[in-house]
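Listed below are the residues making up each chain.
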Amino acid sequence: MRLVAACPNLRALSLPFVVQADKPALLSALRRLALLEQLTLGDGVALADPWVVNVDVAVLDEWGVAQWWRRDLAALAPHWPRLRRVALHARIRGRDGDERIPWALDGFELALGRSARLEAQYVAAVLGRSVAAGTLRRLTLCEHQLEPGALVELLGAVGGGGSGEEGAAGATGLEELRTTTADKVTRHDDLAHDVARTCPHLRVLALETPLGDLLGALGALSSLRHLRRLALTSLVAPRERTGVARLVAALEAFPQLDEVRLASVGTGMSDDAVLERLTLDVDLRTVLDEWHARRRARAGAP
């Protein structure tokens, strides 16, 4: 708190926590950070108040970890005209009727320390004016902390799929999307199709979501004509092997793809499951090697 007050020219700030007793003074110091561009709230620690054990509730009320509310950030946002990126590692609470946070963010990350099942409306409320203003370009989400279907619903709001053609100012939606997940079992083969439909301006896409239909995913994502970097890192072995040539051809269908990462994920420890994953790994390495070789050949052609 004192460090924040002593550094009014901060451009990036990480706030792991603040105790209840110090929150009013911290809010006062935060209002002076007119140059702030990046903010991280929370530290991703799952245990609450680890330094306060077996004490009276009144002590916790004063010295426990302070909660952040949407109304806190709504009051602070006008003092941060340059703020463009927020990383949320602690839950922001809100009540019906709380005003929308008046910030227009360029980048947002959601990776809470505690387990959660958040609805799309919750994330949209934290994004505040960024949704209506169409300013969000970079989004990183921990998918298992969202309710089923919430990711696709959110992408429909911020992806730019309904914003029409690009204007003179450039893209009007997400340019970078990254998902992580602790659920390495549940397949979401439709996600690639949903991403292609809702986020047409993507340049970088990294999905950790388990996918079983790689050929179908590549076919859908190849419609992203601006995509330069692609990472699909939780691929599940399909019921029937897809020929290497077909997968290489699918990668070649991307108009501007420069960098690709494909990796498998284990879904079991049986001999058959291990063999399937090893076979998939060999196929993926062969596909990438062949794709790189063809790109080099085309680059060296007269």
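Structure's up top.
Residues numbered from 1 in each chain as written. Predicted model: local features only at pLDDT ≥ 70, side-chain atom pairs only at ≥ 80, totals over all residues. Heavy atoms only, no water.

S.K.: Give a description of the overall build of the protein chain that names residues and reports values.
M.R.: Of the regular secondary structure elements, the protein chain holds 11 helices and 11 strands. Expressed as a percentage of its 302 residues, the buried residues of the protein chain come to 41%. In the protein chain, once contacts between residues fewer than 6 apart in sequence are set aside, the share between residues at least 24 apart is 78%. Entry remark: accessible area of the protein chain is about 15600 Å², with carbon and sulfur atoms responsible for 50%. (Helix = DSSP H or I, 4+ residues; strand = E, 2+ residues; numbered from the N terminus. Buried < 20%, exposed > 50% of the residue type's maximum accessible area, 1.4 Å probe, protein only. Contact = heavy atoms within 4.5 Å. Areas by Shrake-Rupley, 256 points an atom, 1.4 Å probe, with all protein chains shown as cover.)

S.K.: Can you explain the layout of surface pockets? Please cite residues and give values.
M.R.: The space that makes up the second largest pocket amounts to roughly 310 Å³. Forming the boundary of the second largest pocket are 20 residues, of which Glu143, Glu147, Pro148, Gly149 and His188 lie nearest the centre. Secondary structure elements with two or more residues in the lining of the second largest pocket: helix 7 (150-158) and helix 8 (191-198). Per element, the largest residue contribution to the lining of the second largest pocket is 3 residues, and it comes from helix 7. By residue class, the composition of the lining of the second largest pocket is 7 nonpolar, 6 polar and 7 charged. (1 Å grid on protein atoms, 1.4 Å probe; cavity = no way out; pocket = protein on both sides within 12 Å on 5 of 7 lines; lining within 4 Å. Points joined across faces, edges and corners; volume = space filled by probe spheres on them. Nonpolar A, V, L, I, M, F, W, Y, C, P; charged D, E, K, R; others polar.)

S.K.: Mind laying out the sheet that holds strand 11 (residues 259-264), listing which residues take part and the relevant values?
M.R.: Strands pair in a sheet through their backbones, by hydrogen bonds, and they do so in one of two ways: parallel or antiparallel. Taken in spatial order, the 9 strands of this open sheet run 1-2-4-6-7-8-9-10-11, and their pairing is parallel. Two strands close off the open sheet at either side, each with one partner strand: strand 1 (12-15) and strand 11. Going across the sheet, the axis of each strand differs from the next one's by a mean of 5°, ignoring polarity. Bridge count for strand 10 (residues 229-235) against strand 11 is 5 bridges, and the pairing is parallel. Residue alanine 231 lies in a different strand from strand 11, and its bridge partner there is arginine 261. Strands in contact with helix 7 are strand 7 (138-142) and strand 8 (176-180); relative to strand 7, the strand with the most contacts, it is inclined by about 170°. (Pairing = 2+ DSSP bridges. Axes fitted to C-alpha atoms, helices over the stretch in contact; angles between N-to-C directions.)

S.K.: So what's going on with the nonpolar core? Which residues, and what values?
M.R.: Note that soluble globular proteins tend to have their nonpolar side chains buried in a common cluster. With 78 residues, the main nonpolar core has Leu30, Trp68, Phe108, Leu139, Leu221 and Leu232 as its most contacted residues. In this view, phenylalanine 108 contacts Val86, Leu88, Val123, Val126, Leu127, Leu136, Arg138, Leu139 and Thr140; residues no more than four positions away in its chain are not counted. (Core = buried A, V, L, I, M, F, W, Y, C linked by side-chain atoms within 4.5 Å.)

S.K.: Tell me about the packing of aromatic side chains, and name the residues and values.
M.R.: The full count for this structure, using the stated rule, is 0 aromatic pairs. Here the basic side chain of lysine 23 rests over the ring of tryptophan 68, its NZ or CZ set 5.3 Å away from the ring centre. Sitting above the plane of the tryptophan 69 ring, arginine 71 keeps its charged end 4.6 Å from the centroid. (Phe/Tyr/Trp six-rings, centres within 6.5 Å; stacked < 30°, edge-to-face > 60°. Lys NZ or Arg CZ within 6 Å of the ring centre and 35° of its normal.)

S.K.: How would you summarise the environment of proline 238 if you had to cite specific residues and measurements?
M.R.: Mapped onto the elements, proline 238 comes out in the loop between strand 10 and helix 10 (244-252). Looking at proline 238, the relative accessible area reads 29%, which means it is partly exposed. A sequence separation of 24 residues divides proline 238 from leucine 214, and the C-alpha atoms of the two residues are 8.2 Å apart.

S.K.: Explain helix 2 (residues 23-30) to me, using residue names and the numbers behind them.
M.R.: Those residues of helix 2 lying buried are Lys23, Leu26, Leu27, Ala29 and Leu30. Projected onto a plane normal to the axis of helix 2, the buried residues spread over an arc of 160° and lie on a single side. Lining the buried residues of helix 2 we find helix 1 (2-6), strand 1, strand 3 (68-69) and helix 4 (70-76). (Arc of directions from axis to C-beta.)

Nothing here speaks to function; it is all geometry.
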